[in-house]
Structure formats: structure tokens, C-alpha cells
Amino acid sequence: MTLLDLENISRRYGPVRALDGVNLSVATGSRTAVVGPSGSGKTTLLRIIAGFELPDTGRVRFDGALLADGPAGVPAHKRGIGIVSQDGALFPHLSVADNIAFGFERGAPDREKRIESLLEMVELEAAMATRRPHQLSGGQQQRVALARALGRRPKLMLLDEPFSALDTSLRENMRKAVARVLQAAGITAILVTHDQTEALSFADQVAVLREGRLVQAGPPQAIYHQPRDRETALFLGDAVLLPAIIKNGFADCALGRVAVDGDHAGKAEIMLRPEQIRVAVDGATPQNGGRVVDVQFGGAVCTISVALADTALPPIVLKTSSVALPSPGNLVRLDVAGKAHVFA
Ligand SMILES: Nc1ncnc2c1ncn2[C@@H]1O[C@H](COP(=O)(O)OP(=O)(O)OP(=O)(O)O)[C@@H](O)[C@H]1O
């Protein structure tokens, strides 16, 4: 079932088209991640859903109600949509408990019990309730911000880069914790992030914006392996791009004969994710491999550049483990796993 439906949303700021005809559906109970380069319209989209901004044209439907129809709309505080921002935006002069209870309806019964259960939900100790925000770590502050937003019992939670101020390991823990909490509470979520890995691991739908347009939306695996175009492919991760001739489900390219998706025939560009190409130091011949021209040791994941035989293409960049790492000058065998993607 659809909880949120964005229909042809456009928004301009003077000459800037922040959003241009965006259509997006969000299913009840799902997690959507919105990604895109800086200035592509992510925050504007979130603010339009929250009700802090109204579209120039287009409709926002939420839970059976029309929240915005062009510049006419329901105000943010009447939408029942929660939001957690980058800095958490806690009230510095209020205790954790008072911050959390801020969202409760006036004279709410069971105040203390609800605070306690929200703290538990976001995995914070009850003893934290009396602290002030400045006495908490960044991760703890974000958990309180999430508890405060959950306290309003929203059907939809908007997460605007809520992990970006945290360091890498804490980020990952928080992302998992937030996903767990939202799932347990049955709350639909939309996350805006700059971090592609975060988007791909958090969401069951990834929406890619570019210059105010929705380029592609779909499950993370599909977006990653079958991106609409070269730009989206490179935005979401490293990619090996090769010219090829396609025939009967196979591509002839500088890596030899490679299975491809789709039913394209003729000249095309194909894409492989580097992890689809296995590097072996044994059994290499010029027909099934290439020569290592550069090795970057990186601990668990190392990067090697390989010049393919009989081609003027620049060396391809691959990832490999530090075990049996080749050296520059070695001839290596390259085996492709899975199918290459063809840009139609
Ligand atoms: N209030 C505003 N007035 C004028 N221009 C604006 C305003 N808000 C956003 N813009 C412009 O609209 C475009 C989209 O901005 P938006 O903040 O939505 O992008 P974003 O994808 O969230 O970017 P970032 O990743 O850098 O946060 C940008 O070109 C921005 O400069």
C-alpha cells in the first residue's frame, strides 16, 4: 500500500529549478533513501513533504489526504510527519526527558512511562533522562532527537542526514539502530544522505535526484547493478566502463566474452562493478587478462590498475584482497562474475 505519493512536484527559486516534475511513491512500512549530488534538490523534496515548503505545482498525497496541491497546503504541524535533522536540533536548556516530552500532546497521561519506553526504544539508559544535551555525545543526541520525533507517533519519519556529524563506526551503528527502531515501530522512513553506501544499505527503495529531476527509483540492488546511465553508475560507486559489441546476450569487449543483461544488440557501452571482476595471478594469458600497472595497498581492500591487452583504453581499476596481491608488471587473469549492464 502507498503511504506517500508525490505527483509531478516542481519548485523554483528564482531562476533555479530546485525540483522539476518529480514523481515518487513510498510504500507503507518501507525505507526510502534519497541521494544525489549537492544541489540536486534532496532537501527541497524533504521540506516539501514535511510542509516547510510548498511546491509551485504538483501534489503531495499522504495517508489518503491531499497535503499539498501546488502552493495550497496543510501546514507542517498538522501533517503528523516526524523529522530528524542533521544536528538533532535539541533544545539546549531542556533536559533529555523534557526534550522528548516536547512532542507529546498537552497533558499527556503516562508522561514518565512514555519517556522511559522511548529512551529504551532508542537504546539509551533511563539515567540519561535528567541530562542536558551538552552532556551527551553526538550519537546520544541523535538518539534523543529520534526519540522526540517518535514521541509524536508519526506514520512517516523524515531523516535529513541525521548521521552525517558522526564518525564512521558510530554512523554505521546508528544507521542500523535507527532502521531497527523504525521497523519495530512500523514507521515508514525517508532518508536524505550524501553517503551512497548508507543509502544502499539502509533503504529498500533508493531514489536518485539530479538537477531537480528524479533519474531513477528502485530497489538498491537494481539501482546499483542496472543504473539508468553512466552518471548514475559513477555516482553510486566505482565502475568499469567498456565499449562493446552485443550479440545474443553476450558482449565482446576488452575483457573477452561477457554475459550481459537486457536484450540490446549492436554497439554499446557496458558497465561492471569492480567486485565483479576477480583477479588471479595464476593462469593468465594475454587473451584472458592484462598487465598490472599500479598497486595501492589499502589493508583489507587493495586497489590495482590493470592495462588490458590489445586496447588503447586506459587501465581499469579493480579491488582485490591483500592476500596474494600481485605486483606491478605481473600478468593477471581476469574472470567476470555475473552479468555486465548495458546502457540502452
Ligand atoms: N531558499 C532558497 N532560495 C534560493 N535557492 C534555493 C533555496 N533553497 C534551495 N535553493 C537552491 O535549490 C537547489 C536545490 O537545493 P537543495 O538544498 O534542495 O539541494 P540538496 O540536494 O539538498 O543539496 P545538498 O546536498 O548540498 O544539501 C540548489 O541549487 C539551491 O541553491
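Look above for the structure.
Notes on the structure follow. Computed from a predicted structure; not experimentally measured.

## Here we look at the site of the ligand
Every residue close to the ligand is listed here: Tyr13, Val16, Ala18, Gly36, Ser38, Gly39, Ser40, Gly41, Lys42, Thr43 and Thr44. Only strand E2 (16–27) and helix H1 (42–50) provide two or more residues apiece to the shell around the ligand. The element best represented in the shell around the ligand is H1, accounting for three residues. Its residues placed into classes, the shell around the ligand shows three nonpolar, seven polar and one charged.

## A word on the pairing of strand E3 (residues 31–35)
Across the five residues of E3, five count as buried, placing the element largely inside the fold. Of the two faces of E3, both are covered, the one formed by Arg31, Ala33 and Val35 as well as the one formed by Thr32 and Val34. Relative to strand E9 (residues 188–192), E3 runs parallel, the two being bridged by four bridges. Opposite Val34, over in E9, you have Val192 as the bridge partner. Judged from the four bridges that link them, E3 and strand E10 (residues 205–210) form a sheet pairing that is parallel. Across the sheet, the residue bridging to Val35 is Val208, located in E10.

Definitions and cut-offs
Every chain is numbered on its own, with residues counted from 1 as its sequence reads. Totals for whole chains, interfaces and linings use every residue, but because this is a predicted model, local features are given only for residues with pLDDT of at least 70 and side-chain atom pairs only at 80 or more, for both listing and counting. Near residues are defined by distance alone, with the backbone-placed C-beta atom required to lie within 6 Å of the molecule or strand. Under the DSSP-based scheme used, a helix requires at least four consecutive residues in state H or I and a strand at least two consecutive residues in state E, with every element numbered from the N terminus. Under the grouping applied here, Gly and all other residues not named as nonpolar or charged are polar, the nonpolar ones being Ala, Val, Leu, Ile, Met, Phe, Trp, Tyr, Cys and Pro and the charged ones Asp, Glu, Lys and Arg. Three exposure classes are used, based on other C-beta atoms lying within 10 Å of a residue's own C-beta, which is placed from the backbone: buried for 20 or more, exposed for 12 or fewer, and partly exposed in between. Here, any two strands with at least 2 DSSP bridges between them count as paired.

Shape is all these values report; function is a separate question.
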